[in-house]
Amino acid sequence: MERTPSTAQPPPVRLVPYGKDDLPQLVRHNSPEMTAHLGGPEAEEKLRDRHHRYLHLNGTGRMFKIVTTDTEEPAGLVGFWEAIHSGHTVWETGWGVLPEFQGRGIAVTATRLVVGEARAAGRHPTLYAFPAATNGPSNAVCRKVGFTLVGAGDFEYPKGRWSRCNDWALDLTGGAPRQPRTG
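Just so we're clear, the structure is a prediction, and the values are computed from it rather than from any experiment.

To continue, consider the overall build of the protein. Looking only at helices and strands, the protein has four helices and seven strands in total. Sequence-ordered secondary structure for the protein, helices as α and strands as β, is β-α-α-β-β-β-α-β-α-β-β. Across the protein, contacts joining residues at least 24 apart in sequence account for 64% of those joining residues at least 6 apart. Carbon and sulfur atoms make up 52% of the accessible area of the protein, which totals about 10400 Å².

What follows is the structure in structure tokens.
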């Protein structure tokens, strides 16, 4: 029996800059299900601090709402920001897609869009992602977007909580992924 390849496309999404009215979106991401690989839900004060940081990245990154173009519903958050990795300042990315939108390729599409944003910012040659080693869906996003698995290590996030994470890198210059220089 001949199978016809699936032509189903993930719902089209667009990135909308994170704004002052987006705290409720951040609150939706603060559920046990959404934060299982991040140490669990944050206290309200910590969420307000995060909201403030997202609003004031000022050239050191950008946060976005992921919005479906067919229904204009907010489906998640994605962004990139400066972080210290192996003693060097690099771009780091992260994403979260709300449960009712998961499994549709939205995280992959949104992360590809944020790769373009980080590339356009032109500040760092490599974009990193550090999903928990146990977070199969986020590690799959990294593979599908074209990140290269550099290794694994123990990362502290949030402060005081260590977990085993994979270290994924994506070269933004068009060449091979670069590892941070040591020493």
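Now that the structure has been shown, we can carry on.
Let us now look at the environment of G153. If you trace the backbone, G153 turns up in strand β6 (residues 148-156). Residue class for G153 comes out buried when judged on its relative accessible area of 15%. Along the sequence, G153 and N166 sit 13 residues apart, while their C-alpha atoms lie 6.5 Å from each other. Excluding residues that lie within four positions of it along the chain, G153 makes contacts with S163, R164 and C165.

Before going further, it helps to examine the nonpolar core. Considering soluble globular proteins, one finds that nonpolar side chains tend to be buried as a cluster. Formed by 29 residues in total, the largest nonpolar core has its most connected members in I66, V78, L127 and F147. Contributing elements (two or more residues each) for this core: β1 (13-17), β2 (61-68), β3 (74-85), β4 (88-97), α3 (106-121), β5 (126-129), α4 (136-145) and β7 (162-171). Broken down by element, this core gets its largest block of residues, seven residues, from α3.

We now examine unusual backbone geometry. Its identity as a non-glycine residue notwithstanding, E72 has a phi of 60°, on the positive side. Mapped onto the fold, E72 is located in the loop between β2 and β3. Residue E72 is classed as partly exposed on the basis of its relative accessible area, which comes to 41%. Of note, the phi angle at S86 is positive, near 55°, even though the residue is not glycine. Locating S86 in the fold gives a position in the loop between β3 and β4.

Moving on: helix α2 (residues 44-55). Every α-helical turn comprises 3.6 residues, leaving residues that sit three or four positions apart pointing alike. Over its 12 residues, α2 runs 17 Å from end to end, which matches the ideal 16 Å to within 8%, given 1.5 Å per residue. Looking only at α2, the buried set comprises L47, R50, H51 and Y54. For α2, the buried positions fall inside an angular range of 105° around the axis, keeping them on one side. On its buried face, α2 sits against α1 (23-28) and β2.

According to the stated counting rule, one finds four aromatic pairs in the structure shown. Between F130 and F155 the ring centres are 4.7 Å apart and the planes differ by 40°, which places this aromatic pair in the tilted class. Here F130, found in the loop between β5 and α4, pairs with F155, found in strand β6; they are 25 residues apart in sequence, far enough to count as distant. For F130, a relative accessible area of 15% translates into the label buried.

Criteria and thresholds
- Residues numbered from 1 in each chain as written.
- Predicted model: local features only at pLDDT ≥ 70, side-chain atom pairs only at ≥ 80, totals over all residues.
- Heavy atoms only, no water.
- Helix = DSSP H or I, 4+ residues; strand = E, 2+ residues; numbered from the N terminus.
- Contact = heavy atoms within 4.5 Å.
- Areas by Shrake-Rupley, 256 points an atom, 1.4 Å probe, with all protein chains shown as cover.
- Buried < 20%, exposed > 50% of the residue type's maximum accessible area, 1.4 Å probe, protein only.
- Core = buried A, V, L, I, M, F, W, Y, C linked by side-chain atoms within 4.5 Å.
- Expected span 1.5 Å × (residues − 1).
- Arc of directions from axis to C-beta.
- Phe/Tyr/Trp six-rings, centres within 6.5 Å; stacked < 30°, edge-to-face > 60°.

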